[in-house]
Amino acid sequence: MKKITNTILVIVLSSSYALLNAQVKTQDSAKATNIEGVVVTALGIKREKKSLGYASQEVKAEKLFEGTTNTGNIASQLSGKVAGLQVNTNSNFGGSSNLVIRGIKSLGGANPLIVIDGSPVNNSSTYDTRTNQDMGNLLSDINQDDIASVNVLKGAAASALYGERGLNGVIVITTKNGRNSNDASWGITLSSSIQAGFIDKSTFPEYQTRYGAGYAMKFKETAGDGTPYVNLGDDASWGPEFNPNLLVYQWDSFDPNSKNYKKATPYVAAKHGPIDFFETPISYVNGITLEKGKKGNNFMLSYDNMLSNGLMPNSDLRKNTLSTKINYDLTDKLHATVYSTLVMQQTRGRNDANYSGNLVGGFRQWWQTNVDIVDVRNAYYNSGELNKTWNLKSANNPVAAYWNNPYYQRYQSYGTDDRTRSFSYAQISYDFNKNFTLTGKVSYDNATTIFENRLAPNSIPKTFGASQKNVSSGFSRQNLVTTEANYDLFLNYKVDITKDINVSGIVGGNVRRNYSNSIYASTEGGLETPGLYALANSKLPILPPDENVYTTVTSSAYATASFDFYKFFYLDATFRADESSTLPKGDNVFTYPSFTGSFILSEFIKPSWLSFWKVRANYAEVGGTADPYQLQYYYSYAGLFNNNIVMQNSQTIRPNNALKPQRSKEFEFGTEIQILKGRINFDAAFYKTKTFDQILQLPISAGSGLNFAMVNAGQIDNKGFEVQLGLVPIKTSNFTWNMDINWSKNENKVVELLHNATSDVSNYLLTSVQGGASVNATEGEKWGTIRGSDYTYDANGNKIVDASGFYKLNGNQIIGNTTPDWIGGVRNSFSYKGISLSFLIDVRKGGDIFSTDMYYASSTGLYVDTAGGNYRSGKVVLPGVTASGQANTKEIDASVYGNLGYQKRPTSDYVYDGSFVKLREASISYALPKTLLQGTFVNEAKVSIVGRNLWIIHKNLPYADPESTLGGGVRGYGYSIGSLPTTRDIGVNVTFKF
């Protein structure tokens, strides 16, 4: 066969036009072998991808990691790379990334199951509601250098073998093995990278420089000599207009350590605004891998060290990861595998991720544009690191009003968390013959975390600790231990029924034990001795520790049968039964089946340009079990009475001893096509899912003495399309251009909540947000409705104005929805000899966001759009009509604080379209030629320049990144408040292999 050395495929895509120009060897009719390759599926089973009757998408490690900076969390690096996978990231330091496959199925939201080499691991997100800090999700503990590939099992049929844990899909991670060389030589890989972040200024406020401090456009206080005091206690910038010829006493005139002490200074805008408060985040990642092996036996040992500091002062993360994997053939029939990884992470200074006390929220909402952040920093250091704040109550009472000195808060009042995480498994397999293999496996996942939070003396009083009382100093500590142990025994079989028909599968069982132990305690009344952060230093007696312990057990049996008919028709069936300890005894065994089929049309339709064509279909059921302690009342310690322990019923929730697992039923149709010997790859799927019997906490009549009840109720339907397109537009002997395109659209609907003789619930509150908005599940709507006040309209759609000239507002209206219309990504990769270039465009269309920052800042007058022209002066007539239908003519005074802000405007004015188009990743790399390395001990050498979040090409949310949400869970949807600005991250990676 003549070798094709120069084949060019030019593709021009438009709405109705495609041009293909290719040189194809038409006489080559040889059948492709394993044209789609082998992938790892549920329970670690390896399957030919062409035999699968469901959608899955595998991403190799090089496409996950080589084109971007190291984020420390592989979840974020999946963004834009998998059809049907929505990745919700945020800008929190060490924060969570939510993964959603094929839409929200549970009313409370949930992440997919994470599986490493067939063993499930914990990926829970931790958000401390007492400190309002996002502690991240545990997927960040997985070292990216250990990963060979990630396979996303999207639908119920793909995840049905995980039963009650398969509701939200599965992410299957396959780890690397040691090298396989004939001479059993050692291999060493050294990698080192440094990366820095630079603030994307489009994600931080642009402050106006025309007006200074105040809630009113005049000075409230004047010194004895007639010199005005700046409006010290007003944490806003709706004050008098700046005048460089006017001298005023500012906050630092009260600071004995300031050069301006007792001096009046020109009334001008600050030279250094809050953006100068942030530092340049820099990360160093260094790793070494040792590997050795030959056929049947290999070994890998890796160590990785990551040092990173955040945008905020006094924030840093230190992570050390040690991993090893051993594959060893004890005999020709007996095979063993051991894998273990240990992660030790220390984090200091996570940012606040809510409203109260959030410094960045203060910068975005409550700030004085005349305050210079450099002067604030100097006040902290020159005073001996005391809380010298810019926000004084008044000239006669110059003490802190609402805000601490931000440097004092960051360096003195901060949190730390130390986490030790280990995950290990050991597996041994025995081949009875070529048809039967018996495998036993044990895996263990342990995470131990200590959280400590400090409130420095003389801070602004805030709710703190177990009692949540206002104090100006304090210390709290929480110890959290979570473990998961899995015990598996299964038999793999493969039997030829005839020459052209065979059946293969697995029969086995699993026992899973989950354990959690949390202890929380805090000081009360403040600290007795300043600076000593210990529970024993409590000013008042501490409350009994809040202790929560549970152990759950799930016992399971499963079986699969995969029929192969003549290599063109495949029929699969799976079955799993789970017995859950968190469901009522005697009624806690539930089954989950799946049925899939795939048909290889290209075995019968054989035009020269068609390499492969498959159609597939499936039906499956999966579920989700209850959390612990939902079946009966539990009690908590309430102190001593007459030296006897008093137990009290602390619940406001009625348990339900008849709970059953929530269930999800899904069918899916799809097709896969390869054209021109793999130059064009196309995969499309349509699915429809019904999830019902959700386990919910719904409101009930207060007359029962309780507020909520645990019930099985609610139904959410999802349906959607997924498309993957792989192209090789140009391929020569030296140059290749690859394109990977994915697009997906999910339509979600909350069909029903609860309607019976005692309850009538058509709206389920997910979370309330500062500013009068809330995120909900509402019957008849997509999950994630945003509710709040809106304008009142007449029959003709005109806004109604009341008698005072302001808009008449209508409360508790649906004003938005957090669910995106569609998501997609386009990756281009170019390679020429040893040079590689790639970039990824990541797109989200739709998904509304309520901005608390814009809600408040419109009144406080911080942003540039509140100071143009005569925006704050004169009279304004709001467009609209009166109640009688006449055009409004009533004037309002634009200069009055709040007349144009949130006090008079509806919540809907601060809901924005969360769409974005981002240059998510870009990289250029160079691999030294082999000829240059000949005669040296270096086998490979590569240097790369990488970038992440380099350009927000389009967004609608002002002054913030649409992805900058609060944290994990439902906090990751539809709510922007006090978020850190996004950084453009640029790094250099160097790798040597010996």
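Treat the numbers as computed from the prediction; the structure is a model and nothing was measured.

**Student:** Outline unusual backbone geometry, listing residues and values.
**Tutor:** One non-glycine residue with positive phi stands out, namely Lys-262, at about 60°. Here Lys-262 lies in the loop between strand 16 (243–249) and strand 17 (264–267). By relative accessible area, Lys-262 is classed as exposed at 61%. Unlike most non-glycine residues, Asp-693 shows phi in positive territory, near 55°.

**Student:** Break down the packing of aromatic side chains for me, citing the residues and quoting the values.
**Tutor:** Two numbers describe a pair of aromatic rings. These are the distance of the centres and the angle of the planes. In this structure the tally under the stated criterion is 52 aromatic pairs. When the ring of Phe-363 is compared with that of Trp-367, the centres are 5.2 Å apart and the planes differ by 90°; the resulting orientation is edge-to-face. We note that Phe-363, like Trp-367, is buried. Measuring from centroid to centroid gives 5.5 Å for Phe-937 and Phe-994, while their planes differ by 25°, and the two rings are stacked. Of this pair, Phe-937 sits in the loop between helix 7 (930–933) and strand 54 (940–955) while Phe-994 sits in the segment after strand 56 (983–993), and the two are 57 residues apart along the sequence. On the basis of relative accessibility, which here comes to 64%, the residue Phe-937 falls in the exposed class. A cation sits over an aromatic face here: Lys-441 above Tyr-425, 4.5 Å from the ring centre. Positioned above the aromatic ring of Phe-916 is the side chain of Lys-918, whose terminal nitrogen or guanidinium carbon lies 5.0 Å from the ring centre.

**Student:** Residue-level account of the pairing of strand 43 (residues 763–769), with values.
**Tutor:** Strand direction decides the pairing type here: strand 43 and strand 44 (residues 773–778), joined by six bridges, are antiparallel. The residue of strand 44 that forms the bridge with Thr-767 is Val-775. The turn joining strand 43 and strand 44, which pair antiparallel and follow one another in sequence, is formed by three residues; a positive phi near 115° is taken by Gly-771.

**Student:** Give a detailed account of the pattern of salt bridges, specifying residues and quantitative values.
**Tutor:** Counted by the stated rule, this structure contains 43 salt bridges. Glu-58 is the partner of Lys-60 in a salt bridge, and the nearest nitrogen-oxygen pair spans 3.6 Å. Note on Lys-60: relative accessible area 38%, which makes it partly exposed. Residue Glu-58 is classed as partly exposed on the basis of its relative accessible area of 25%. Where Arg-477 meets Glu-452, a salt bridge forms, and the shortest distance between an N and an O atom there is 3.7 Å. In this pair, Arg-477 is assigned in strand 26 (residues 474–496) and Glu-452 in strand 23 (residues 436–455), connecting sequence segments 25 residues apart. Overall, Arg-477 belongs to the partly exposed group, its relative accessible area being 31%.

**Student:** Account for the nonpolar core, naming residues and giving values.
**Tutor:** Nonpolar side chains in soluble globular proteins generally cluster together in the buried interior. Phe-277, Phe-278, Phe-363, Trp-367 and Phe-850 are the most contacted members of the largest nonpolar core, which has 61 residues in total. Where this core is concerned, the elements lending two or more residues are strand 16, helix 3 (359–365), helix 4 (373–382), helix 5 (406–412), strand 49 (848–851), helix 6 (852–860) and strand 52 (911–913). Taken domain by domain, this core gets at least three of its residues from each of domain 1 (61–199 + 280–291 + 307–354 + 412–470 + 480–545 + 555–851 + 913–993) and domain 2 (211–268 + 367–402). Apart from residues no more than four positions distant in its own chain, Phe-278 is found in contact with Ile-199, Phe-204, Leu-311, Met-312, Val-360, Phe-363, Leu-980 and Pro-981. Val-150, Val-152, Ile-171 and Ile-173 belong to the second-largest nonpolar core, a separate cluster that totals 25 residues.

**Student:** If you had to explain the domain arrangement of the chain to someone new, which residues and values would you point to?
**Tutor:** Domains assigned within the chain are domain 1 (61–199 + 280–291 + 307–354 + 412–470 + 480–545 + 555–851 + 913–993) and domain 2 (211–268 + 367–402). Placing the centre of domain 1 and that of domain 2 at their C-alpha centroids yields a distance of 47 Å. Opposite the four residues of domain 1 that make contact, domain 2 presents six residues. Of the roughly 330 Å² buried between domain 1 and domain 2, counting both surfaces, carbon and sulfur atoms make up 48%. When the buried surface of domain 1 facing domain 2 is broken down by residue, Gln-412, Asn-458 and Ile-460 rank first, second and third, together holding 95% of it. Here domain 1 is connected to domain 2 by zero salt bridges. The interface formed by domain 1 and domain 2 includes two residue pairs in polar contact (both at pLDDT 80 or more). Among the residues forming the side of domain 1 that touches domain 2, the class breakdown is one nonpolar, three polar and no charged.

**Student:** Describe the confidence of the model for the chain, with residues and values.
**Tutor:** Mean pLDDT for the chain: 89, with 94% of residues reaching 70 or above. Here residues 1–34 scores under 50 on pLDDT; set against residues more than four positions off or in separate chains, the count is 47 contacts.

**Student:** Kindly report on the pairing of strand 5 (residues 85–88), identifying the contributing residues and their values.
**Tutor:** With burial as the criterion, each face of strand 5 is covered, one bearing Leu-85 and Val-87 and the other bearing Gln-86 and Asn-88. The pairing of strand 5 with strand 6 (residues 98–101) spans four bridges and is classified as antiparallel. Its bridge partner lying in strand 6, Val-87 is registered against Leu-99.

**Student:** Explain the sheet that holds strand 43 residue by residue, including any values.
**Tutor:** Read across the open sheet, the four strands follow the order 43-44-45-46; overall the sheet is antiparallel. Of all the strands in the sheet, the pair left with one neighbour each is strand 43 and strand 46 (809–817). The average undirected angle you get between the axes of adjacent strands in this sheet is 40°. For strand 44 and strand 45 (residues 785–791), the ladder comprises three bridges, and the chain directions are antiparallel. Opposite Ser-774, over in strand 45, you have Arg-787 as the bridge partner.

**Student:** Can you tell me about helix 4, naming the residues and giving the values?
**Tutor:** For helix 4, the set of buried residues is Ile-373, Val-376, Ala-379 and Tyr-380. Seen from one end, helix 4 has its buried residues packed into an arc of 115°, which puts them on one side. For helix 4, the secondary structure elements touched by its buried residues are helix 3 and helix 5. Its side-chain oxygen at 2.9 Å from the backbone nitrogen of Val-374, Asp-372 defines the N-terminal cap of helix 4.

**Student:** An account of the environment of Ser-340 is needed here, citing residue identities and associated values.
**Tutor:** Structurally, Ser-340 can be placed in strand 21 (residues 334–348). A relative accessible area of 26% places Ser-340 in the partly exposed class. For Ser-340 and Ser-424, which are 84 residues apart along the polypeptide, the C-alpha to C-alpha distance reads 4.1 Å. Residues within four places of Ser-340 in sequence aside, it is in contact with Leu-322, Ser-323, Thr-324, Phe-423 and Ser-424.

**Student:** I'd like to hear about the environment of Tyr-127, residue by residue, with values.
**Tutor:** With respect to the secondary-structure elements, Tyr-127 resides in strand 9 (residues 125–128). Assessed through its relative accessible area of 13%, Tyr-127 is described here as buried. Considered as a pair, Tyr-127 and Thr-483 are 356 residues apart in the sequence and their alpha carbons are 18 Å apart. Excluding residues that lie within four positions of it along the chain, Tyr-127 makes contacts with Asn-132, Gln-133, Asp-134, Ala-353, Asn-354, Leu-966 and Arg-971.

Reading the values: rules and limits
- Counting restarts for each chain, with residues numbered from 1 along the sequence as it is written.
- Where totals are concerned, whole chains, interfaces and linings use all residues; where local detail is concerned, this predicted model gives features only for residues with pLDDT of at least 70, and gives and counts side-chain atom pairs only at 80 or more.
- Derived side-chain values reflect all non-hydrogen atoms in the structure, with water molecules and hydrogen atoms excluded from consideration.
- Secondary structure elements are taken from DSSP: a helix is a run of H or I of four residues or more, a strand is a run of E of two residues or more, and numbering for both begins at the N terminus.
- The classification of residues rests on relative accessible area computed with a 1.4 Å probe and restricted to protein chains. Under 20% of the type maximum is buried, over 50% is exposed, and intermediate values are partly exposed.
- The criterion for an aromatic pair is that two Phe, Tyr or Trp rings (for Trp, the six-membered ring) have centres within 6.5 Å, with stacked assigned to planes under 30 degrees apart, edge-to-face to planes over 60 apart and tilted to the rest.
- Sitting over a ring, as applied to charges here, requires NZ of Lys or CZ of Arg to be within 6 Å of the ring centre and within 35 degrees of the ring normal.
- Any two strands are treated as partners once DSSP identifies two or more bridges connecting them.
- Between Lys or Arg on one side and Asp or Glu on the other, a salt bridge is scored when a side-chain nitrogen of the former is within 4 Å of a carboxyl oxygen of the latter.
- Residues enter a nonpolar core if they are buried and are Ala, Val, Leu, Ile, Met, Phe, Trp, Tyr or Cys, with the set joined through side-chain atoms within 4.5 Å.
- Segmentation into domains, and thus their bounds, comes from an automatic or database assignment.
- Residue contacts are counted whenever heavy atoms from the two residues lie within 4.5 Å of one another.
- By buried area we mean how much accessible surface two parts lose on assembly, using a 1.4 Å probe and totalling the loss over both.
- The term polar contact refers here to a pair of N or O atoms within 3.5 Å; inside protein, the definition further demands a hydrogen-donor-capable atom paired with an acceptor-capable atom, and it admits residues adjacent in sequence only when both atoms are side-chain atoms.
- As a working rule, the residues Ala, Val, Leu, Ile, Met, Phe, Trp, Tyr, Cys and Pro are called nonpolar, Asp, Glu, Lys and Arg charged, and the rest polar, with Gly in that last group.
- As a per-residue quantity, pLDDT reports the predictor's confidence and falls between 0 and 100.
- Only the contacting stretch of a helix is used when fitting its axis, a line to C-alpha atoms as for every element, and angles between N-to-C directions run 0 to 180 degrees.
- The arc in question is formed by the directions pointing from the helix axis toward the C-beta atoms.

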